[in-house]
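# Observations on the model geometry
Next come the chains, spelled out residue by residue.
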Amino acid sequence: MKILACVKQVLDSESVFRIRDDSDWIETEGDPRYGMNHPDEFVVEEAVALKEAHREVTVDVLTVGPHSASQVLERAVGMGADRAYHILTREEGYLAPFTVSSWIAGFAETRNYDLILCGIMAEDDMQGQVGPMLAEHLGYPCATSVVRETCRPETETIRVEREIEGGRRELLEIALPAVLTLQTGINRPRYPSLSNLLRAKKEKPELLDPARFPMPEDREQFLRAALPPAVRRGVVLEGDTEQKARELHGILKEMAFL
Amino acid sequence: MKKTRDAVVIIAEAQGDETAPITLELLALAREIQLAQPCKIRFLMVGHGTEATARDLARRTGREVVAVEAETLRDYNTETCLEILQEHLPGLSPRFVLMGQTPRGMDLAPRLAVRLGAGCITGVDALCVEEGELRFSRTAFGGKISLQMAPARSITVVTATPGAFTAPQESVSSQGSVRLVSSARRSARSRTLGIIEAPRQERGLSEADVIVAAGRGIGTRENLALIERLASVFPRSAVAASRPLCDQGWMDYPRQVGLTGATVSPKLYFACGISGAVQHTVGMQGSGFIVAVSRDPHAAIFRIADVCVVDDLEAFIPAFLALCREE
Ligand SMILES: Cc1cc2nc3c(=O)[nH]c(=O)nc-3n(C[C@H](O)[C@H](O)[C@H](O)COP(=O)(O)OP(=O)(O)OC[C@H]3O[C@@H](n4cnc5c(N)ncnc54)[C@H](O)[C@@H]3O)c2cc1C
Ligand SMILES: Nc1ncnc2c1ncn2[C@@H]1O[C@H](COP(=O)(O)O)[C@@H](O)[C@H]1O
């Protein structure tokens, strides 16, 4: 069985950034930290766990991103993925999910994966579109928000539990090949192992030029990034910790919460 | 005559036999679109036993409801639903197809968009009009920025964040209409085996006056004790969490607040180390008074908080508790 795990590099949520003057994207200040999209850690874990549970499973990982994004491939190989592929884009910035999913589909088309795993959502653009769109490009069935799976390679099916409204779960049996988007909490992602990290350093990811895939036309237009409006105008407490604590204590007492 | 795409089609969701709240919120968005660009508003409902809900929806909104009754959707199935939508949508000449950014909408919208050759804008929380052109806003980076998007195709599939638009309180003059259609399509690639019911709701959360909620910012499991001590100074209080804490097993899922957890509206919501991603805030933005502690001054939670405490919670909470003890 061949598995493809799609992983994205994102800016650490606490990094300081501002909107670029041209409003085209953000720019970071100081010393930005990048890491693997949190939901994608569950993707790599699930793929590696499948490899451990079944015979003859290979796990490829793929990212679409700038040079620095190879960091997340290294981590994925460190967690136990076999081979890494990097569709190298020139710089950071907005990439439409339709474009990213088309490129991933172009990559996957000839490689006959049985199972393609994506995260439920990227923490930066928060689209939640790449996985389901990828399924459409390839003509595969798809289950989103998966919180549990049992793969049955011998019958070419996979059983999944997906999260639906009101905390309920839907049980499905899907024919392979298929795409799943995994919800966080489906497993407990492991830390990379030292031996795998050494291997990751030695075996560089295979670089692919996006120009080899068709560049789809925009299906919606990204105009600009902006600051969202405040909904309530709250007070921001000033002073040191002690002063802030006193002030909050006073407010909550006056409102009779204490 | 060339048929123009002149409708906003809302994909209606049912909750039991009734219209789900998100469907009426989508009507608010549809009317904003209609104000800027005159068009028809129609509902499309797909499922099994749709008639009662369709009549309810037509009566409540006075609008046209097309209900596709499918025996094959006795158990909901995404692949089957997609095939039916693909079959019936084009006949309604949609310019926009609206869904909720709910588990169902998130599952269907991107795939439907690809099938219709349409654009796809997910997680929309506001609409504005610039020189007659529609601009959809959606949040990104955990709510710290918003991305402005414009349609670029003749059809655009849009999903709206639950709670972002307010269901219109309109008096309805028309009876509306219901058109029932049936479909026997069934996907061969996916089979629904059943539904697992939700674990029992945490009653403590709905009954509490004060909810103290912990997020990933608490850092260690040991710090949960700090959160519990903080909750204990308030009468009628309960402890809750954001999703990552439940994923890690630090708190049980029934205590999770948000899109995929509980919706709460206590008198006071005290968020500790929670960044304020929309999937969390949809579950607590109806709270009476919101206090938020985060060390990130740009955290999105501060946009909805009444009192913003930019500080390290490991220092701030003990300082606050010390004052409570002094009394
Ligand atoms: C389909 C879907 C459904 C989801 N459903 C839910 C849901 O129901 N509920 C939910 O909560 N999430 C849900 N999520 C996840 C959601 O998108 C966010 O990832 C999540 O809410 C983030 O949790 P957090 O705020 O605790 O963590 P983070 O976003 O990591 O925020 C941590 C915050 O703590 C601050 N911090 C760190 N250290 C300290 C310190 N020492 N002192 C003070 N502050 C500190 C940080 O600056 C940051 O502001 C869902 C996501 C998807 C895609
Ligand atoms: N640039 C990318 N490279 C690889 N995988 C991606 C990329 N963007 C998105 N994905 C995958 O698609 C999921 C959902 O992303 P999104 O649709 O952008 O929210 C992520 O969790 C990844 O698994």
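Residues numbered from 1 in each chain as written. Chains lettered and ligands numbered in written order. Predicted model: local features only at pLDDT ≥ 70, side-chain atom pairs only at ≥ 80, totals over all residues. Heavy atoms only, no water.

## Concerning the site of ligand 1
For clarity, the cut-off: A molecule or strand has a residue near it when one of that residue's heavy atoms lies within 4 Å. Within 3.5 Å is the distance limit for a polar contact, defined as a pair of N or O atoms, with the added protein rule that one can donate a hydrogen and the other accept it, and that residues adjacent in sequence qualify only through two side-chain atoms. Accessible surface area values rest on a Shrake-Rupley calculation with a 1.4 Å probe, where residue burial reflects the displayed protein chains alone. Think of it this way: any DSSP run of H or I at least four residues long counts as a helix, any run of E at least two long counts as a strand, and we number them from the N terminus.
Around ligand 1, the surrounding shell holds 30 residues, and the nearest of these are Ser242, Val257, Thr260, Ser275 and Gln279 of chain B. Two or more chains meet at ligand 1, and those chains are chains A and B. At 3.3 Å, a backbone N or O of Gly217 of chain B approaches a nitrogen atom of ligand 1. In this structure, Leu259 of chain B approaches ligand 1 through a main-chain N or O atom, which is 3.1 Å from an oxygen atom. Coverage of ligand 1 by the protein chains reaches 90% of its 980 Å² of free accessible surface. Contributing elements (two or more residues each) for the shell around ligand 1: helix 7 (243–247) and helix 8 (278–281) of chain B.

## Quick notes on the sheet that holds strand 16 (residues 289–294) of chain B
What counts, and what does not: Being paired, for any two strands, means DSSP has found at least two bridges between them.
The parallel open sheet is built from six strands, whose spatial order is 15(A)-17(B)-16(B)-15(B)-13(B)-14(B). Both edges of this open sheet fall to strand 15 (235–236) of chain A together with strand 14 (237–241) of chain B, since each of them pairs with a single strand only. Pairing between strand 16 of chain B and strand 17 (residues 307–310) of chain B: four bridges, direction parallel. Looking across to strand 17 of chain B, one finds that Val291 of chain B is bridged to Val307 of chain B.

## Quick look at the environment of Glu109 of chain A
Checked against the element boundaries, Glu109 of chain A lands in the loop between helix 3 (97–108) and strand 8 (115–119). For the pair formed by Glu109 of chain A and Leu138 of chain A, sequence separation is 29 residues and the distance between their alpha carbons is 6.9 Å.

## Notes on the site of ligand 2
Residues and elements named next belong to chain A. Defined as follows: For this classification, Asp, Glu, Lys and Arg are treated as charged, while Ala, Val, Leu, Ile, Met, Phe, Trp, Tyr, Cys and Pro are nonpolar and the rest, including Gly, are polar.
As a structural note, the neighbourhood of ligand 2 is formed by 18 residues, with Cys6, Asp40, Val64, Gly128 and Gln129 the closest of them. The side chain of Asn37 places a nitrogen or oxygen atom 3.2 Å from an oxygen atom of ligand 2. One of the backbone nitrogen or oxygen atoms of Ala122 is found 2.8 Å away from an oxygen atom of ligand 2. Of all elements in the fold, only strand 6 (58–65) and strand 8 reach the threshold of two or more residues within the shell around ligand 2. Per element, the largest residue contribution to the shell around ligand 2 is three residues, and it comes from strand 6. Classifying every residue of the shell around ligand 2 gives nine nonpolar, six polar and three charged.

## A short note on the environment of Pro297 of chain B
Residues and elements named next belong to chain B. Cut-off, in case you're wondering: The contact definition used throughout considers only heavy atoms, calling two residues in contact when any of these lie within 4.5 Å.
Here Pro297 lies in the loop between strand 16 and strand 17. With 224 residues separating them along the chain, Pro297 and Leu73 place their C-alpha atoms 48 Å apart. Those residues in contact with Pro297, other than ones at most four positions away along the chain, are Phe302 and Val310.

## What to know about the confidence of the model for chain B
Rules: Confidence per residue, as judged by the predictor, is encoded in pLDDT with a range of 0 to 100.
For chain B, the average pLDDT comes to 94, and 99% of its residues sit at 70 or higher. At the level of chain-chain contacts, confidence expressed as ipTM amounts to 0.96, with global pTM at 0.96.

## Points about helix 4 (residues 103–116) of chain B
An α-helical turn contains 3.6 residues, so a residue and the one three or four places further along point in the same direction. Residues and elements named next belong to chain B. The criterion, for reference: A helix's residues, less one, multiplied by 1.5 Å, set its expected span. A residue's bend is simply the angle between two axes: one fitted to the seven residues ending at it, one to the seven starting at it. Relative accessible area decides the class of each residue, using a 1.4 Å probe on protein chains only: under 20% of the type maximum gives buried, over 50% gives exposed, and in between gives partly exposed.
The end-to-end C-alpha distance of helix 4, which contains 14 residues, comes to 20 Å, matching closely the 20 Å that a straight helix rising 1.5 Å per residue would cover. Taken as a whole, helix 4 carries its principal kink of about 25 degrees at Ala109; the proline Pro110 stands between one and four residues after it. In terms of burial, helix 4 is largely enclosed, as 12 of its 14 residues are buried. Among the residues of helix 4, those classed as buried are Pro103, Gly105, Met106, Asp107, Leu108, Ala109, Pro110, Arg111, Leu112, Ala113, Val114 and Leu116. One or two positions beyond helix 4, positive phi appears at Gly117, with a value near 65 degrees.

## Some words on the packing of helix 1 (residues 38–53) of chain A against helix 2 (residues 70–79) of chain A
Helix-helix packing is described using two parameters, namely the angle between the two axes and the distance between the axes. Residue and element names in this part refer to chain A. This is how the line gets drawn: As a rule, the C-alpha atoms of each element are fitted with a line to give its axis, helices using only the stretch in contact, and angles between N-to-C directions run from 0 to 180 degrees. In this scheme the handedness of a crossing depends on how the near helix is turned from the far one: anticlockwise by less than a right angle means left-handed, clockwise means right-handed.
At a closest axis distance of 9 Å, the pairing of helix 1 and helix 2 adopts a crossing angle of 35 degrees. In terms of crossing hand, the pair formed by helix 1 and helix 2 is right-handed. Contact with helix 1, carried on its side by Glu41, Val44, Glu45 and Val48, involves Arg75, Ala76 and Met79 of helix 2 and no other residues of that element. Residues that form the contact of helix 1 with helix 2 fall into these classes: four nonpolar, no polar and three charged.

## Quick notes on the interface of chain B and chain A
Here is the rule we go by: Summed over both partners, buried area is the accessible surface (1.4 Å probe) that two parts give up on being assembled. Here, a salt bridge means any Lys or Arg side-chain nitrogen found within 4 Å of an Asp or Glu carboxyl oxygen.
With 92 residues of chain B at the interface, the matching set in chain A holds 83 residues. Of the roughly 7500 Å² buried between chain B and chain A on both sides combined, carbon and sulfur atoms contribute 56%. Contact with chain A buries area across many residues of chain B, yet Phe141, Arg189 and Arg303 of chain B alone supply 9% of it, more than any other trio. At the boundary of chain B with chain A, the tally comes to 10 salt bridges. Salt-bridge contacts for Glu130 of chain B lead to Arg224 of chain A; the nearest nitrogen and oxygen are separated by 3.4 Å. Here the residues of the side of chain B that touches chain A sort into 45 nonpolar, 22 polar and 25 charged.

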